[in-house]
Structure formats: C-alpha cells, structure tokens
Amino acid sequence: MKKIKYEHTEREAILKRSASMATAAARSTPVKRRRTDDGKQIVLIDGLPDHISEICLSLVFRPSLLAAVCTRWRRLVYSPEFPPFSSLYALFVASSSDPAPGFRRVNSAIRLMCFDPVSSKWDPLPPPPPELPLNRIIYRHPSYISFNLPIQCVSASGKLVIIAGSNQELSPAISHPLIFDPISSAWTSGPPIGTPRRWCATGACGGVIYIASGMSSQFSSTVAKSIEKLDLTDHNRSNWEKLREMRDLRFSREAIDAVGWRRKLLMVNVKGDAVKEGAIYDVVNDDWEAMPEEMVAGWRGPVAAMEEETLYSVDEKKGTVRIYDADNREWREVAVVEGGEELLKGAQQITAVAGKLSIITVDGRIVMVDVMTEPAKIWTVEKPQGLEPVSVHVLPRMSRPDFS
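Residues numbered from 1 in each chain as written. Predicted model: local features only at pLDDT ≥ 70, side-chain atom pairs only at ≥ 80, totals over all residues. Heavy atoms only, no water.

**Student:** What is the right way to read the confidence of the model for the chain from this model?
**Tutor:** Detail in the predicted coordinates should be disregarded across regions flagged by low pLDDT. Taken residue by residue, the chain gives an average pLDDT of 83. The fraction at 70 or more is 84%. Counting contacts from residues 1-37, a segment whose pLDDT is below 50, to residues more than four positions away or on other chains yields 26 contacts. Predicted confidence is poor over residues 97-106, with pLDDT under 50, and the contacts of this stretch with residues over four places away or in other chains come to 13 contacts. (pLDDT = per-residue confidence, 0-100. Contact = heavy atoms within 4.5 Å.)

Okay, here's the thing in structure tokens:
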C-alpha cells in the first residue's frame, strides 16, 4: 500500500512539475527556431511551440526512446536544449600480449572514448590541442615486462581530468592537468601542479580534485607526504593549494585511488588483497585521521562511493560486491545474479553513479552492476575491438554537432 501511494505521489509531482514548467514557458517569450528537413519547416510536436515541446520531452527518462521515434527528436536529444544524459567514458590503450623473449615491450597510444547509450556506439573524444602533451604519457615501458604504468584519471564537476602519468624517461609526464568538458567537447589545461608527480593518489570530493603522495623524477620525502587540491567549481581556475601534509610515507608505494566519501578522502596504501593500512583526510578541517580497521578490512579490491555517500567494494579474488554500513562499521555482501561473481573476479577499477557500478576487470572487460535491483543485475559493455580499458568514468553525454 505504501509503495502504491509513493508511486501515485511521485507521478503527481512529475505532472505538476511538467505543468508548471509548461505554464512558465508559455508565459515567456519563445525563441524562434526554424528546424528544416528537406527545406520544409517542421515542429517537435504538432500543435505545440518548440520551447514547450522541449520541456515535455525532457521529462522522458530514457533518451534512447526519443531518439528512436524520429530524426527531429534525435536531434533534440543531442542539442543544448535537452538535459545531458549520462554516458560512459573510458581511457583505452591498444591491446597487446607480452613480447617474446629478446623483444622490447612497445608502448601503446592512449585512446579516450565515450559510449553513447542512445546509439550503443563508442565515439572517440576530440584530440587535445598539440600544446596539451597527452601523447607524452605512456602505459607500457620496455623496462617492465609484466607491469603497466599507472595513469591517474578522475572525473569531477562533470569533467574528465587526466592528472598524472609517466613518460619514457620514467619522470612525471605532465605538469598541468588536462581537462575535458563533455558539454563543449573541448580540452583545456589547468594551472600547473605545485609538484608534478607520478605513482600518486588521486581523487575528487565535492567538485575538488586532489593529488597526494607519489614521487617526482626521484623519490623525495617532501613529495611523498604532500597533498594539493584544485577546485574545478572555481571558474577562475585558481592555482593548486597545498594542504596539511600526510603523517607518513607509506602511501608512495604505488598509484592508489583517493575515494571521496562524506566530505572525506579515503586512501589505502596497497592495492589488491594484500595487508594494507588506511588513512582518511578531512577536506573540511584539513586534517588526517587513521582509517578504522573494520573499514580497511573490506578493502580487498577497488572501492567507489555512490554520489560520495555510499561505499561499494568489489573483491578482486572472489568477485563479491560489498556495501559499507557506516553505522555498524561493517561491510555487508550484496546479492548478485547467479554467475555474476565470476564476471567480477579480477576487478581493477570501479566508479559508482546513479545506482550502477562500472567495473574494469583484469582481463579487459567492462562490467556493469545495477545495485538498485535485488539480486543485482550484471552485464558487460562490449569494448572497441583491439582496445584495452584502463579506467572508466560516468559523465554527461558528449555534444554532437552533427545532430544539432
């Protein structure tokens, strides 16, 4: 009974909101736009001005349904007038197996692509300008036979940000973050990082990106204990700000994620199922605290926070999904569909948005988990042929001028 009442109330709220938006639009001065098809003027919905039609159609929660109706609705879905829907973005490298004895390992060029849920196709991101040195970042190096060099890439404030990586000389590859805005489909360069580094902890919280620990060209205890932040919500793009340094050097061993959760950053010093230590940075009070042992205990693979509020982890060895109960300080297992845990074994990277987990596994699969269903539904997203995913992110859809 409560569920029926809730759905009825929710439906009424949507209808009222739609009516109020349409009324407000009708009272406003409409902007005249001529949409042409073979030289003929067309409208979105017969009998309604376009600016009111756009409001009505924007209330449809599945843009793919609109795109399937007609060309003019498909154009609307990709236009600035339509609310941007979420899409999957991924950083890829060309697939390659280990080289034969006596041969050098060849580095693969970085590819950035967006999976459009409307067309179910991968589209390449526009290349950054030549002055933005994305091509300096390498993923494989001949000195390492079976180890891939980390590339620190995070999403924050609706943007994709590449923060750190290594170059051929095994030094920091970039000194400025490279920022991609999906709405404008444009790259920009952020302010210079105080201390460019690699093998560092990177993350985001409340639209602010953080870079901590790691090393520059050579190991430095000062760099290994430092942390800096850049506020992407500041449109003036102020400089990086140095924060209170970490209490020890144990977080410079390898590249790790800094997970934004309830105005804090959560970090552990080792990936995988090894024994590890954790630290928590309070972004409000600029202070560090130890991570509770029971929280560290569940860190057996990649961890992400849904809307920076609810923690989910995937066990790298078992493929089990867990959710963190902050009140009782314990991890609880999430039931998944039969056979789902096999797909999740070897989880390497994870992002959590809108009730779904996007996961990259060690064998190069992109796996989706809908944790809002019980048991959780699991499916894979087919990746582009010949490419290997490194990280996945969920951001607003990329603008498509070819449909404008």
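We are not done yet, so read on.
**Student:** What is the right way to read the sheet that holds strand E22 (residues 347-353) from this model?
**Tutor:** Sheets are built from strands paired through backbone hydrogen bonds, the pairs being either parallel or antiparallel. Pairing is antiparallel in the open sheet, where four strands are placed in the order E22-E23-E24-E25. Of all the strands in the sheet, just E22 and strand E25 (377-381) have a single pairing partner and so form its edges. Direction aside, the axes of adjacent strands within the sheet are offset by 25° on average. Looking at chain direction, strand E23 (residues 356-361) and strand E24 (residues 366-370) are connected through five bridges and run antiparallel. Within E24, the position partnered with Ile359 by the bridge is Val367. (Pairing = 2+ DSSP bridges. Helix = DSSP H or I, 4+ residues; strand = E, 2+ residues; numbered from the N terminus. Axes fitted to C-alpha atoms, helices over the stretch in contact; angles between N-to-C directions.)

**Student:** Is there a simple way to explain unusual backbone geometry in this structure?
**Tutor:** Across the chain, the bulk of peptide bonds are trans and the bulk of non-glycine residues have phi less than zero. Following Glu374, the chain continues into Pro375 via a peptide bond in cis, with omega recorded as 0°. Turning to its location among the elements, Pro375 is positioned in the loop between E24 and E25. Phi angles above zero are rare outside glycine, and Arg262 is one such case at about 50°. Even without being a glycine, Asp286 presents a positive backbone phi close to 50°. Its location among the elements puts Asp286 in the loop between strand E16 (278-282) and strand E17 (287-290). Judged by its relative accessible area of 25%, Asp286 falls in the partly exposed class. (Buried < 20%, exposed > 50% of the residue type's maximum accessible area, 1.4 Å probe, protein only.)

**Student:** Which parts of the structure should I look at to understand the sheet that holds E17?
**Tutor:** Ordered in space as E13-E12-E11-E10-E14-E15-E16-E17, the eight strands form an open sheet in which the pairing is mixed. Among the strands making up the open sheet, the edge pair consists of strand E13 (241-242) and E17. Across four bridges, E16 lies against E17 in antiparallel orientation. Directly across from Asp282, in E17, lies its bridge partner Asp287.

**Student:** Quick question: what am I supposed to make of the nonpolar core here?
**Tutor:** Here is a general trend for soluble globular proteins: nonpolar side chains tend to be buried in one another's company. One finds Leu91, Leu112, Leu125, Ile137, Ile162 and Trp187 to be the most contacted residues of the largest nonpolar core, which totals 23 residues. Every element with two or more residues in this core is listed here: strand E3 (86-94), strand E4 (110-116), strand E7 (159-164), strand E8 (178-181) and strand E26 (387-396). Excluding residues within four positions of it along the chain, Leu112 makes contact with Ala90, Leu91, Pro124, Leu125, Leu134, Leu160, Ile162 and Trp187. Counting residues in each nonpolar core, the second largest holds 19 residues, with Val334, Leu357, Ile359 and Val367 among its members. (Core = buried A, V, L, I, M, F, W, Y, C linked by side-chain atoms within 4.5 Å.)

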